[in-house]
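The residues making up each chain are set out below.
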Amino acid sequence: MVWCLILFNFITLQGDLESPPDKTLWFDIIYKEKTIGSLIATKSTKDAKINYHTSSTIKFRIIKEIAVNYKYDVSFNAKVLKKAAVNISINEKSHAKTLTHWHENEYQITKNDKPEVAIKNTITYATVLLYFVEPLDITDCYSEQDGSFNTIISLGNHGYKKINANGKENEYYYKNGVLEKAVIDGGLIQFEMVLRE
(Lines give C-alpha, C1' and ligand atoms only; values in the text may rest on other atoms or scores of the structure.)
Protein backbone atom coordinates (compact mmCIF):
# COMPACT_ATOMS: atom_id res chain seq x y z
CA MET A 1 0.00 0.00 0.00
CA VAL A 2 2.80 2.42 0.92
CA TRP A 3 4.61 1.64 -2.34
CA CYS A 4 1.42 2.37 -4.29
CA LEU A 5 1.15 5.79 -2.62
CA ILE A 6 4.83 6.56 -3.34
CA LEU A 7 4.42 5.52 -6.96
CA PHE A 8 1.22 7.58 -7.30
CA ASN A 9 2.94 10.67 -5.83
CA PHE A 10 5.96 10.19 -8.10
CA ILE A 11 3.78 9.97 -11.23
CA THR A 12 1.67 12.96 -10.15
CA LEU A 13 4.73 15.10 -9.36
CA GLN A 14 6.38 14.17 -12.66
CA GLY A 15 3.51 15.88 -14.48
CA ASP A 16 3.96 19.00 -12.34
CA LEU A 17 7.71 19.15 -13.00
CA GLU A 18 7.37 19.15 -16.77
CA SER A 19 7.89 22.54 -18.37
CA PRO A 20 5.73 23.85 -21.20
CA PRO A 21 7.31 23.04 -24.56
CA ASP A 22 9.83 25.39 -26.12
CA LYS A 23 8.56 27.34 -29.10
CA THR A 24 10.05 29.02 -32.17
CA LEU A 25 8.14 31.40 -34.43
CA TRP A 26 9.33 32.74 -37.80
CA PHE A 27 7.94 35.95 -39.31
CA ASP A 28 8.45 37.49 -42.73
CA ILE A 29 8.80 41.28 -42.75
CA ILE A 30 6.95 42.77 -45.70
CA TYR A 31 7.06 46.29 -47.15
CA LYS A 32 5.04 47.21 -50.24
CA GLU A 33 4.29 43.52 -50.90
CA LYS A 34 8.00 42.67 -50.89
CA THR A 35 9.84 40.65 -48.22
CA ILE A 36 12.59 42.86 -46.78
CA GLY A 37 13.59 40.79 -43.77
CA SER A 38 12.69 38.19 -41.19
CA LEU A 39 12.27 37.79 -37.45
CA ILE A 40 12.77 34.70 -35.34
CA ALA A 41 11.28 34.57 -31.85
CA THR A 42 12.13 31.74 -29.44
CA LYS A 43 10.79 30.80 -26.05
CA SER A 44 12.55 28.31 -23.77
CA THR A 45 11.34 27.21 -20.36
CA LYS A 46 13.06 25.60 -17.41
CA ASP A 47 11.15 25.27 -14.14
CA ALA A 48 9.73 28.75 -13.37
CA LYS A 49 12.22 30.57 -15.63
CA ILE A 50 11.25 31.51 -19.19
CA ASN A 51 13.74 32.99 -21.64
CA TYR A 52 12.68 34.84 -24.77
CA HIS A 53 14.96 35.77 -27.62
CA THR A 54 14.15 37.65 -30.81
CA SER A 55 16.42 38.51 -33.66
CA SER A 56 15.47 40.37 -36.80
CA THR A 57 17.11 41.91 -39.82
CA ILE A 58 15.43 44.41 -42.10
CA LYS A 59 17.02 45.71 -45.30
CA PHE A 60 15.51 48.49 -47.39
CA ARG A 61 16.54 51.45 -49.49
CA ILE A 62 15.71 55.11 -48.84
CA ILE A 63 18.33 57.10 -50.76
CA LYS A 64 20.86 54.47 -49.63
CA GLU A 65 20.75 50.86 -48.42
CA ILE A 66 19.78 50.55 -44.75
CA ALA A 67 20.14 47.36 -42.70
CA VAL A 68 18.58 47.33 -39.22
CA ASN A 69 19.19 44.50 -36.73
CA TYR A 70 17.17 44.06 -33.54
CA LYS A 71 18.11 41.63 -30.77
CA TYR A 72 16.06 41.06 -27.61
CA ASP A 73 17.03 38.78 -24.73
CA VAL A 74 14.38 38.75 -22.02
CA SER A 75 13.93 36.52 -18.98
CA PHE A 76 11.01 36.03 -16.63
CA ASN A 77 10.96 34.07 -13.40
CA ALA A 78 7.66 33.08 -11.79
CA LYS A 79 5.93 35.25 -14.43
CA VAL A 80 7.82 38.40 -13.39
CA LEU A 81 10.35 40.19 -15.61
CA LYS A 82 13.89 39.74 -14.28
CA LYS A 83 16.12 41.00 -17.10
CA ALA A 84 15.81 42.46 -20.60
CA ALA A 85 18.61 43.43 -22.97
CA VAL A 86 17.89 45.12 -26.30
CA ASN A 87 20.54 45.87 -28.92
CA ILE A 88 19.76 47.70 -32.14
CA SER A 89 22.28 48.31 -34.88
CA ILE A 90 21.98 50.17 -38.16
CA ASN A 91 24.39 49.26 -40.95
CA GLU A 92 26.40 47.23 -38.41
CA LYS A 93 26.90 50.23 -36.09
CA SER A 94 25.37 50.29 -32.62
CA HIS A 95 22.30 52.50 -32.58
CA ALA A 96 20.67 51.79 -29.20
CA LYS A 97 21.20 49.58 -26.16
CA THR A 98 18.76 49.25 -23.30
CA LEU A 99 19.19 47.05 -20.24
CA THR A 100 16.49 46.44 -17.64
CA HIS A 101 17.49 44.45 -14.56
CA TRP A 102 15.55 43.57 -11.40
CA HIS A 103 17.79 44.41 -8.43
CA GLU A 104 16.93 45.02 -4.77
CA ASN A 105 13.17 45.39 -5.31
CA GLU A 106 13.32 47.71 -8.32
CA TYR A 107 14.13 47.68 -12.01
CA GLN A 108 17.36 49.44 -12.83
CA ILE A 109 17.36 50.70 -16.41
CA THR A 110 20.25 51.92 -18.53
CA LYS A 111 19.87 53.34 -22.03
CA ASN A 112 23.09 53.66 -24.03
CA ASP A 113 25.02 53.19 -20.75
CA LYS A 114 23.17 56.06 -19.01
CA PRO A 115 20.99 55.28 -15.98
CA GLU A 116 17.27 56.01 -16.20
CA VAL A 117 14.70 56.43 -13.43
CA ALA A 118 14.14 53.09 -11.67
CA ILE A 119 10.74 51.36 -11.76
CA LYS A 120 9.42 50.04 -8.45
CA ASN A 121 6.40 47.99 -9.61
CA THR A 122 6.91 44.44 -10.83
CA ILE A 123 6.42 43.88 -14.56
CA THR A 124 4.44 40.87 -15.73
CA TYR A 125 3.87 41.72 -19.41
CA ALA A 126 6.50 43.07 -21.82
CA THR A 127 6.48 43.59 -25.58
CA VAL A 128 8.37 40.33 -26.30
CA LEU A 129 5.32 38.47 -24.98
CA LEU A 130 3.23 39.90 -27.83
CA TYR A 131 4.67 37.16 -30.07
CA PHE A 132 3.59 34.31 -27.82
CA VAL A 133 0.75 35.46 -25.55
CA GLU A 134 -2.36 37.24 -26.76
CA PRO A 135 -2.78 40.30 -24.48
CA LEU A 136 -6.22 39.38 -23.18
CA ASP A 137 -7.22 41.80 -20.39
CA ILE A 138 -3.83 43.59 -20.69
CA THR A 139 -3.97 47.41 -20.82
CA ASP A 140 -0.26 48.21 -20.78
CA CYS A 141 3.04 46.50 -21.42
CA TYR A 142 6.67 47.29 -20.70
CA SER A 143 8.82 48.33 -23.66
CA GLU A 144 12.21 46.69 -23.27
CA GLN A 145 13.51 48.97 -26.01
CA ASP A 146 12.43 52.28 -24.47
CA GLY A 147 12.31 51.46 -20.75
CA SER A 148 8.76 52.83 -20.65
CA PHE A 149 5.19 51.56 -20.70
CA ASN A 150 3.01 51.23 -23.79
CA THR A 151 -0.78 51.31 -23.86
CA ILE A 152 -2.68 48.34 -25.29
CA ILE A 153 -6.20 48.77 -26.65
CA SER A 154 -8.39 45.87 -27.76
CA LEU A 155 -9.74 46.29 -31.30
CA GLY A 156 -12.03 43.27 -30.97
CA ASN A 157 -11.85 40.00 -32.92
CA HIS A 158 -8.38 39.18 -31.46
CA GLY A 159 -6.83 42.45 -32.67
CA TYR A 160 -4.94 44.96 -30.50
CA LYS A 161 -3.36 48.36 -30.88
CA LYS A 162 -0.16 49.20 -28.98
CA ILE A 163 0.67 52.88 -28.53
CA ASN A 164 4.19 53.77 -27.39
CA ALA A 165 5.32 56.78 -25.36
CA ASN A 166 5.89 58.78 -28.57
CA GLY A 167 2.39 58.09 -29.89
CA LYS A 168 3.46 55.55 -32.55
CA GLU A 169 0.87 52.84 -33.10
CA ASN A 170 1.36 49.18 -33.96
CA GLU A 171 -1.40 46.64 -34.51
CA TYR A 172 -1.31 42.94 -33.58
CA TYR A 173 -3.66 40.17 -34.74
CA TYR A 174 -3.89 36.70 -33.16
CA LYS A 175 -5.10 33.24 -34.04
CA ASN A 176 -5.33 30.56 -31.35
CA GLY A 177 -3.49 32.88 -28.95
CA VAL A 178 -0.39 33.25 -31.16
CA LEU A 179 0.57 36.35 -33.13
CA GLU A 180 -0.35 35.85 -36.79
CA LYS A 181 0.21 39.35 -38.21
CA ALA A 182 1.43 42.77 -37.04
CA VAL A 183 1.44 46.18 -38.69
CA ILE A 184 4.48 48.10 -37.39
CA ASP A 185 5.33 51.80 -37.50
CA GLY A 186 9.09 51.54 -37.88
CA GLY A 187 9.72 55.28 -38.06
CA LEU A 188 11.23 55.48 -41.54
CA ILE A 189 8.81 52.92 -42.97
CA GLN A 190 5.64 51.08 -42.00
CA PHE A 191 5.78 47.33 -42.56
CA GLU A 192 3.95 44.10 -41.80
CA MET A 193 5.16 41.00 -40.00
CA VAL A 194 3.42 37.80 -41.07
CA LEU A 195 3.80 34.43 -39.35
CA ARG A 196 5.18 31.73 -41.63
CA GLU A 197 3.01 28.63 -42.01
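Not measured: the values here are computed from a predicted model.

## Digging into the side chain of glutamate 134
Right, on to step 1. Relative to the helices and strands, glutamate 134 is located in the loop between β8 (114-115) and β9 (140-143).
Right, on to step 2. One buried charged residue, glutamate 134, remains without a salt bridge, the closest side chain of opposite sign being lysine 23 at 11 Å.
Right, on to step 3. A polar contact of 2.7 Å, which involves the side chain of glutamate 134, links it to the side chain of tyrosine 160.
Right, on to step 4. Beyond its immediate sequence surroundings of up to four residues, glutamate 134 is in contact with Tyr125, His158, Tyr160, Tyr174 and Gly177.

## Concerning the pattern of salt bridges
Where charged atoms from two side chains of opposite charge come close, those side chains can pair.
Right, on to step 1. In the structure shown here, the tally under the stated rule is five salt bridges.
Right, on to step 2. A salt bridge links glutamate 106 to lysine 120, with the shortest nitrogen-to-oxygen separation between them at 2.7 Å. Of this pair, glutamate 106 sits in strand β7 (residues 106-111) while lysine 120 sits in the loop between β8 and β9, and the two are 14 residues apart along the sequence.
Right, on to step 3. Residue lysine 161 is joined to glutamate 169 by a salt bridge in which the shortest nitrogen-to-oxygen separation is 3.3 Å.

## Some words on the confidence of the model for the protein chain
Right, on to step 1. This prediction gives the protein chain a mean pLDDT of 88; 89% of its residues lie at or above 70.
Right, on to step 2. Looking over the protein chain, one finds the lowest element-wise mean pLDDT in helix α1 (residues 2-17), namely 35, and the highest in strand β11 (residues 159-163), namely 98.

## Digging into the environment of valine 133
Right, on to step 1. In this fold, valine 133 is placed in the loop between β8 and β9.
Right, on to step 2. Along the chain, valine 133 and asparagine 176 lie 43 residues apart, while their C-alpha atoms are 9.7 Å from each other.

## As for a nonpolar patch on the surface
Right, on to step 1. Taken together, the side chains of Ile62, Ile63 and Leu188 present a nonpolar region at the surface, about 360 Å² in accessible area.
Right, on to step 2. Looking at the element boundaries, isoleucine 62 is found in strand β3 (residues 49-62).
Right, on to step 3. Relative accessible area serves as the criterion here: at 36%, isoleucine 62 is assigned to the partly exposed category.

## Some words on the layout of surface pockets
Right, on to step 1. In this structure, the largest pocket spans a volume of roughly 1,000 Å³.
Right, on to step 2. Forming the boundary of the largest pocket are 42 residues, of which Tyr70, Tyr72, Gln145, Ile184 and Asp185 lie nearest the centre.
Right, on to step 3. Element by element, the count of residues in the lining of the largest pocket is highest for β3, at five residues.
Right, on to step 4. Each residue belonging to the lining of the largest pocket can be placed in one class, and the counts come to 20 nonpolar, 15 polar and seven charged.

## What to know about the side chain of serine 75
Right, on to step 1. Here serine 75 shows up in strand β4 (residues 64-77).
Right, on to step 2. Apart from the residues lying within four places of it in its own chain, the contact partners of serine 75 are Lys49, Ile50, Asn51, Val80, Leu81, Lys82 and Lys83.

## A few points about the pairing of β3
Right, on to step 1. Inspection of the sheet shows strand β2 (residues 34-46) paired to β3 by ten bridges, in the antiparallel sense. Bridging across to β3, serine 38 finds its partner in threonine 57.
Right, on to step 2. Note: β3 against β4, 14 bridges, orientation antiparallel. Following the sheet pairing, lysine 49 is matched in β4 by asparagine 77.
Right, on to step 3. Turn length for the β3-β4 hairpin, with the two strands adjacent in sequence and antiparallel, is one residue, and the turn residue isoleucine 63 shows positive phi of about 70°.

## A look at the packing of aromatic side chains
Right, on to step 1. Counted under the stated rule, the structure contains six aromatic pairs.
Right, on to step 2. Arranged with centres 6.0 Å apart and planes meeting at 85°, the rings of tyrosine 52 and phenylalanine 76 form a pair that is edge-to-face. Placement of the pair is tyrosine 52 in strand β3 and phenylalanine 76 in strand β4, with a sequence separation of 24 residues.
Right, on to step 3. In textbook terms, an aromatic cluster arises when at least three aromatic residues are bridged by ring pairs, as seen for Tyr52, Phe76 and Phe132.

## Digging into unusual backbone geometry
The phi torsion of most residues other than glycine is negative, and most of the peptide bonds are trans.
Right, on to step 1. Residue aspartate 47 is not a glycine yet carries a positive backbone phi of 55°.
Right, on to step 2. Note that aspartate 47 resides in the loop between β2 and β3.
Right, on to step 3. You can call aspartate 47 exposed: its relative accessible area is 59%.
Right, on to step 4. Despite not being glycine, asparagine 176 has its phi angle at roughly 55°, a positive value.
Right, on to step 5. One can find asparagine 176 in the loop between β12 (169-175) and β13 (178-185).

Here is what the cut-offs are and how they apply
Residues numbered from 1 in each chain as written. Predicted model: local features only at pLDDT ≥ 70, side-chain atom pairs only at ≥ 80, totals over all residues. Heavy atoms only, no water. Helix = DSSP H or I, 4+ residues; strand = E, 2+ residues; numbered from the N terminus. Buried < 20%, exposed > 50% of the residue type's maximum accessible area, 1.4 Å probe, protein only. Lys, Arg positive; Asp, Glu negative; His and termini not counted. Salt bridge = Lys/Arg side-chain N within 4 Å of Asp/Glu carboxyl O. Polar contact = N/O pair within 3.5 Å; in protein donor to acceptor, adjacent residues only side chain to side chain. Contact = heavy atoms within 4.5 Å. pLDDT = per-residue confidence, 0-100. Patch = residues over 30% accessible without salt bridge, like charges linked within 9 Å, V, L, I, M, F, W, Y side chains within 5 Å. Areas by Shrake-Rupley, 256 points an atom, 1.4 Å probe, with all protein chains shown as cover. 1 Å grid on protein atoms, 1.4 Å probe; cavity = no way out; pocket = protein on both sides within 12 Å on 5 of 7 lines; lining within 4 Å. Points joined across faces, edges and corners; volume = space filled by probe spheres on them. Nonpolar A, V, L, I, M, F, W, Y, C, P; charged D, E, K, R; others polar. Pairing = 2+ DSSP bridges. Phe/Tyr/Trp six-rings, centres within 6.5 Å; stacked < 30°, edge-to-face > 60°.

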